Amino acid sequence: MLFGSKRKFHVRTGRMEKNRTAAFFDIDGTIVSCMTQGVFISLLRERKMVKTRQLVFAGIWYYLYNRGMVENSAPVRRSLYSLLKPHPKAAIDRLLEEAAGLIREKVRHELRLAVDEHKRRGDLLFAITGSIRELCVPLCADLGIEHLYAMRLHAENDKYTAGWEGTLYEGKYKSWLMDELAREHGIDLSRSAAYADSFADVPMLEAVGTAAVVYPDPRLLKHAVKRGWRVIGAR
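All values reported here derive from a predicted model rather than from experimental measurement. (Residues numbered from 1 in each chain as written. Predicted model: local features only at pLDDT ≥ 70, side-chain atom pairs only at ≥ 80, totals over all residues. Heavy atoms only, no water.)

Caption draft 1: Main features of the packing of helix H4 (residues 89-103) against helix H6 (residues 133-143). Orientation of H4 relative to H6, taken along the N-to-C sense of each, is 40°, at an axis distance of 8 Å. The angle between H4 and H6 places the two elements in the oblique class. Judged by the twist between their axes, the crossing of H4 over H6 is right-handed. In contact with Leu96, Ala99, Ala100 and Ile103 of H4, H6 contributes Glu134, Leu135, Pro138 and Leu139. (Axes fitted to C-alpha atoms, helices over the stretch in contact; angles between N-to-C directions. Helix = DSSP H or I, 4+ residues; strand = E, 2+ residues; numbered from the N terminus. Parallel < 35°, antiparallel > 145°, perpendicular 65-115°, else oblique. Left-handed = near helix turned anticlockwise from the far one by under 90°. Contact = heavy atoms within 4.5 Å.)

Caption draft 2: Fine view of the pairing of strand E6 (residues 210-214). A large share of E6 lies buried, amounting to 4 of its 5 residues. Bridge analysis of strand E5 (residues 193-196) against E6 gives 4 bridges, and the strand direction is parallel. Bridging from a neighbouring strand, alanine 196 pairs with valine 213 of E6. By the bridge criterion, 3 bridges tie E6 to strand E7 (residues 230-232) in an arrangement that is parallel. Looking at the pairing, valine 213 lines up with valine 231 of E7. (Buried < 20%, exposed > 50% of the residue type's maximum accessible area, 1.4 Å probe, protein only. Pairing = 2+ DSSP bridges.)

Caption draft 3: Expanded view of unusual backbone geometry. Positive phi values are uncommon outside glycine, yet asparagine 157 reaches one of about 55°. The phi dihedral of aspartate 158 falls on the positive side, at around 65°, and the residue is not glycine. When you line up the elements, aspartate 158 lands in the loop between strand E3 (147-156) and strand E4 (159-165).

Caption draft 4: Broad picture of the side chain of serine 175. Mapped onto the secondary structure, serine 175 falls in helix H7 (residues 172-185). Its relative accessible area of 10% is what places serine 175 among the buried residues. Ignoring anything within four residues of it in the chain, the contact list for serine 175 reads Pro203, Met204 and Ala207.

Caption draft 5: Highlighting helix H3 (residues 74-81). For H3, the full list of buried residues reads Ala74, Val76, Arg77, Leu80 and Tyr81. Axial view of H3: buried residues confined to an arc of 160°, hence all on one face. (Arc of directions from axis to C-beta.)

Caption draft 6: Molecular detail of the pattern of salt bridges. Tallied over the entire structure, the rule returns 13 salt bridges. Linking lysine 174 and aspartate 26 is a salt bridge whose minimum nitrogen-to-oxygen distance equals 2.9 Å. Taken together, the residues span a long stretch of sequence, with lysine 174 in helix H7 and aspartate 26 in the loop between strand E1 (22-25) and helix H1 (36-46) at a distance of 148 residues. Under the relative-accessibility criterion, aspartate 26 is labelled buried at 4%. Here the residues in one salt-bridge network are Asp26, Lys174 and Asp201, joined through shared partners. (Salt bridge = Lys/Arg side-chain N within 4 Å of Asp/Glu carboxyl O.)

Everything listed here is a matter of geometry and, on its own, says nothing about what the molecule does.
Structure, rendered in structure tokens:
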């Protein structure tokens, strides 16, 4: 069952024996070779629903975020998602669906093999992303990743606002979620794996016993070599 995240983090009082293993995957630049929201934005530009100059701020932020120089994406997200407000929700939903179809074609071969191997081992599979849930559901369904954690765009009166529902899973929030999932599902993180491409995801990678960096940015590559992590591909 695919599901997103509308719940808040909470601490459970009971204990479950941790004897299961899992694999945790970032999506953008990791499972797929593209930025999922970038695909969506490109469609908005092609349909002349946004102007290039309106996206400059988002481009600068992404450059900084992908290099681990900023942690909080909320300001740029509000700026970006506010561009959706003039358009009917149904029109945006159609573009999200179209973008999701394009994203499904961008799966990295190495990661498809990795997912299949973890399935063969019987590992629980989780995708944790800061992207929009609707962009990632078809992708996860194709790969057989049953657990998807991503936020949803917030809508009112048949239009999207500048807000969202659920947690923005980025940086340390991914590792916090992994700790909660370990308690909930009885997962031994020391025997589990994680895959990511950005230095911003170091907390996620450090939370498990087996970390793999996928076409990593230069800063993450340097860190991975120092830590002895597996490196999949090079930019």
